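Architecture at a glance
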Amino acid sequence: MPDLSHYYKILGIKAGTSQAEVKQAYRRLAKLWHPDRFSHDLALKQQAEEKLKAINEAYQYLKDYQPSIPAATSPPDTTQQSAQASVSTKLTGAEKCYERAAEYGRAGQYKEALEELSMAIRLNPDYVQAYRYRGFVHSMLGFELGAEADLRKARDLEWEQAYAARKAKRQAEEAARQRSTAQSQSARSPRSASPPSNPPQPNPHWLHLQTLIGHQGGVTAIALSGNGRLLASGSRDCTIKLWNLRTGQMFCTLSGHTAPITAIALSADANLLISGSEDQTLRFWHIKTGTLLRTLSGYKAFFTTLALSADRQLLVAGGQTGRVHFWLLNSNPITHGVYDQEDPVLSVALSRDGQQVLTGSNHHVITMYQGRTGELLRTWAAHSTVSTAIALHPTNQSFAVGGEDGIIQCWADQTTQSDRSSRLLTGHQGAITSLTFTPDGHYLISGSRDRTVRIWNSGTWELLAILTGHTQAVTSVASSQNGQWIVSSSLDHTIRLWRQEQPRS
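What counts as what
- Residues numbered from 1 in each chain as written.
- Predicted model: local features only at pLDDT ≥ 70, side-chain atom pairs only at ≥ 80, totals over all residues.
- Heavy atoms only, no water.
- Helix = DSSP H or I, 4+ residues; strand = E, 2+ residues; numbered from the N terminus.
- Contact = heavy atoms within 4.5 Å.
- Areas by Shrake-Rupley, 256 points an atom, 1.4 Å probe, with all protein chains shown as cover.
- Pairing = 2+ DSSP bridges.
- Axes fitted to C-alpha atoms, helices over the stretch in contact; angles between N-to-C directions.
- Parallel < 35°, antiparallel > 145°, perpendicular 65-115°, else oblique.
- Left-handed = near helix turned anticlockwise from the far one by under 90°.
- Nonpolar A, V, L, I, M, F, W, Y, C, P; charged D, E, K, R; others polar.
- pLDDT = per-residue confidence, 0-100.
- Phe/Tyr/Trp six-rings, centres within 6.5 Å; stacked < 30°, edge-to-face > 60°.
- Buried < 20%, exposed > 50% of the residue type's maximum accessible area, 1.4 Å probe, protein only.
- Core = buried A, V, L, I, M, F, W, Y, C linked by side-chain atoms within 4.5 Å.
- Polar contact = N/O pair within 3.5 Å; in protein donor to acceptor, adjacent residues only side chain to side chain.

Quick word on the overall build of the protein
Across its full length, the protein holds eight helices and 28 strands. Within the protein, counting contacts between residues at least 6 apart in sequence, those at least 24 apart form 44% of the total. Taken as a whole, the protein presents about 26200 Å² of accessible surface, with 50% of it coming from carbon and sulfur.

Here's what the structure looks like:
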C-alpha cells in the first residue's frame, strides 16, 4: 500500500484534502519546479526534473485516491466495485490523463486538456495518441509550431513502433524457418547434417576513406556531380553544404530554408541544385555563385523525393499529397504537370534520357510514366506495402525497389514486362532508405535504417560487401562514375566516403 502521507507531504497539503485543493497544489508546484525555469543552470535543471517527477507521481496517485466511506444503510454493490477495480488495473496513469484530456477537449476546455496531455507524455514519452491529440489541442489554441512538432513526433514514434513490431515478426519467422530447414536436413541426412551458414561478413576490398563532418543535424540527402568532384548534402539543420571531394573540405553553405531539407537534386555539370524542404518549398540554386535563382511555393505538403534529368530539362518530384509533379524547366514560364496517385509518393527514379519515370508509394504499387509527357505507361505490384526507395539501371532494362521491410525487389531484363520480380534481396535489418546503381551498371548500392550500406552485383545479385560505421540510420547513397568509390549519409550528422581497394597483382 503506498504511503499516502508521503504523497501529501510532497504536495505540501494535509491528509484528506479535497480533490480541488490537490489539483491546485499540484499546479502551483509544477509551475514552481518546471525545468525550463532553470535552463541557465544545468545542476538546478536536473534537480528540478527530479523534483517534478516526484510531484507528478504524488499527484497521479492522490487525484485518483478516494477515501473509502462505509455505507450506513445498504451493503456495497460488489459487482460495481469489481468492475471499477478491473478498470483501474487496466489503465495506466498516462492513460487516465489521456481520458481526462479527452473529456476536457469535448467540453472545449483546451488549456486543461493540454495540461493533462503533457502529463500523459511525461509519464509515457512513447505515447503516440497523446502526442497526436496534443498536436490537435495546440492547433486549437493557435500554437501552430507546437502542433507541428507534436504531429511529427507522433509520426516518428508510430514508425519506430511499427518497425520494431515488424522486426520482431521477421526474426520469429526466420527462426521458425531455420528450425524447419534444420529438421528437414536432419531427416534427410541424420549423420551428415551440414552446419548453418554464417551471415556475410564485411568485404575487405572496400575501405572507409574519410568522414565529412559539418552539419549540425542529421544528413538527409546527398548528390554527386557528374565528374565526382563535388558533393552536395542536405540536413535537418535546414542547410545545404557543398564539399570539394578532392580535398574533403566544405566550401559553401546554402541557407534560406526554414525547415529540414528532405531531398536534393544536382545537375551533372554541377551548375544547378534543387532542394526540397519541410517548409513546403522548392529552391533552385546556382552552384558556382551560391545564389538563389528562384523559389517555388504554395504546395500543400513538402516533397520527399526529387529527380533531375541529365540535360537539366525535366524535374520530377513526389510527396505526401500522393501527387507526382513534372516540371519542364526549358520552357518560359516553367511548364508544370501534376498526376494523382492517391497514396504518398516516397521514391522517384528517372532514366538518364528523361524518358522513363518510376515512382514508389505506400500501397504496393510501382508506377512508370513517360517522362516528357507524363503519360502512364504501366504498373507493377511491389513486395512491400511501402516502397521507400527505387533505382533504375542505366540501361533502363531493369530496376530495384526497396521496402520498409528491409527487402529489395529486383526486376531483371527478362522480367520488366512481367508483374513478378526476378529476385528478392534480403539481409538488411531495417527499412531500405536509398538505392542507386553505379553509372557503369555493375553494382547496386543500398542504404538502410539498420545503419549499413550493402553492395550487390547487379548481374547475379550476389552480396559483395557490407559497409559499417554509421551510428544511426543511413539516409542516402551515391556512387562515382566508375563505381570505385561511394558516398553515404546518415542521421548521425556525418557523410562517409568509401573506396574499392584494387586487388594486388
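Alright, that's what it looks like, and here's the rest.
Regarding the sheet that holds strand S17 (residues 376-381)
One open sheet holds the four strands; their spatial order is S14-S15-S16-S17, and the pairing between them is antiparallel. Looking along the sheet, the strands with just one partner apiece sit at the ends: strand S14 (345-350) and S17. Strand-to-strand twist of the sheet, defined as the mean angle between neighbouring strand axes without regard to direction, takes the value 20°. Note that S14 and strand S15 (residues 356-361) share five bridges and pair antiparallel. Bridged to Val345 within S15 is Ser361.

Quick notes on the sheet that holds strand S28 (residues 494-500)
Strand order in this open sheet of four strands is S1-S28-S27-S26, and the pairing throughout is antiparallel. The open sheet terminates on both sides in strands that have one partner only, identified here as strand S1 (206-213) and strand S26 (474-479). Across this sheet, the average inter-strand angle for adjacent strands is 20°, counted without regard to direction. As defined by bridge partners, strand S27 (residues 485-490) adjoins S28 across five bridges and the pair is classed as antiparallel. Note on S28: the bridge partner recorded for Ser489 is Ile495.

Considerations on the packing of helix H2 (residues 19-32) against helix H3 (residues 42-62)
It is the contact of H2 with H3, at a shortest axis distance of 10 Å, that shows an interaxial angle of 170°. When the axes of H2 and H3 are compared, the pair comes out roughly antiparallel. Helix-helix and strand crossings are classified by hand; for H2 and H3 the assignment is left-handed. Residues Gln19, Val22, Lys23, Tyr26, Leu29 and Ala30 of H2 touch H3, and the partners they reach there are Leu52, Ile55, Asn56, Tyr59 and Leu62.

Structural notes on the packing of helix H5 (residues 93-106) against helix H7 (residues 128-140)
Packing of H5 against H7 brings their axes to within 11 Å, and their N-to-C directions diverge by 20°. One way to sum up the angle between H5 and H7 is to call them roughly parallel. In this structure, the crossing between H5 and H7 has a hand that is left-handed. Mapping the contact onto sequence places Tyr98, Ala101, Ala102, Gly105 and Arg106 in H5 and Gln129, Ala130 and Tyr133 in H7. When its residues are assigned to classes, the contact of H5 with H7 shows five nonpolar, two polar and one charged.

Remarks on the confidence of the model for the protein
In this model, the protein carries an average pLDDT of 80, and 83% of its residues clear a pLDDT of 70 or more. Contacts from residues 66-90, a stretch scored under 50 in pLDDT, to residues over four places away or in other chains number four contacts. Here residues 189-202 is a poorly scored stretch, pLDDT under 50, and it has five contacts once near neighbours within four places are set aside; other chains count.

Some thoughts on the packing of aromatic side chains
Under the definition given, this model contains 12 aromatic pairs. Centre to centre, the rings of Phe326 and Tyr369 are 5.8 Å apart; their planes meet at 70°, and the pair counts as edge-to-face. With Phe326 in strand S12 (residues 323-328) and Tyr369 in strand S16 (residues 365-370), this pair connects stretches of sequence that are 43 residues apart. The exposure class assigned to Phe326 is buried, which follows from its relative accessible area of 6%. A relative accessible area of 4% means that Tyr369 is categorised as buried. Put simply, the rings of Tyr98, Tyr110, Tyr127, Tyr133 and Phe136 touch in pairs and so form one group of aromatic residues.

With respect to the environment of Asp343
Within the element layout of this structure, Asp343 appears in the loop between strand S13 (335-340) and S14. Look at Asp343 and you get partly exposed, because its relative accessible area is 21%. With 19 residues separating them along the chain, Asp343 and Asn362 place their C-alpha atoms 6.3 Å apart. If near-sequence neighbours (up to four positions away) are discounted, Asp343 is found in contact with Gly322, Ser361, Asn362 and His363.

Here we look at the nonpolar core
Taken as a class, soluble globular proteins show a tendency for nonpolar side chains to be buried jointly. Formed by 35 residues in total, the largest nonpolar core has its most connected members in Leu11 and Val137. Counting residues per element, the ones that place at least two in this core are helix H1 (4-11), H2, H3, H5, helix H6 (110-123), H7 and helix H8 (144-188). Per-element tally for this core: the top contributor is H6, with seven residues. When residues no more than four places from it in sequence are discounted, the contact partners of Leu11 are Val22, Ala25, Tyr26, Arg28, Leu29, Ile55, Ala58, Tyr59 and Leu62.

Quick look at the side chain of His215
Inspection of the secondary structure assignment puts His215 in the loop between S1 and strand S2 (219-224). The class for His215 is buried, based on a relative accessible area of 4%. Among the polar contacts listed, one links the side chain of His215 to the side chain of Ser233, at a separation of 2.8 Å. For His215, the side chain forms a polar contact with the side chain of Asp237, separated by 3.1 Å. Sequence-distant contacts of His215, defined by excluding residues within four places in its chain, comprise Ser233, Gly234, Ser235, Asp237, Thr239, Lys241 and His493.

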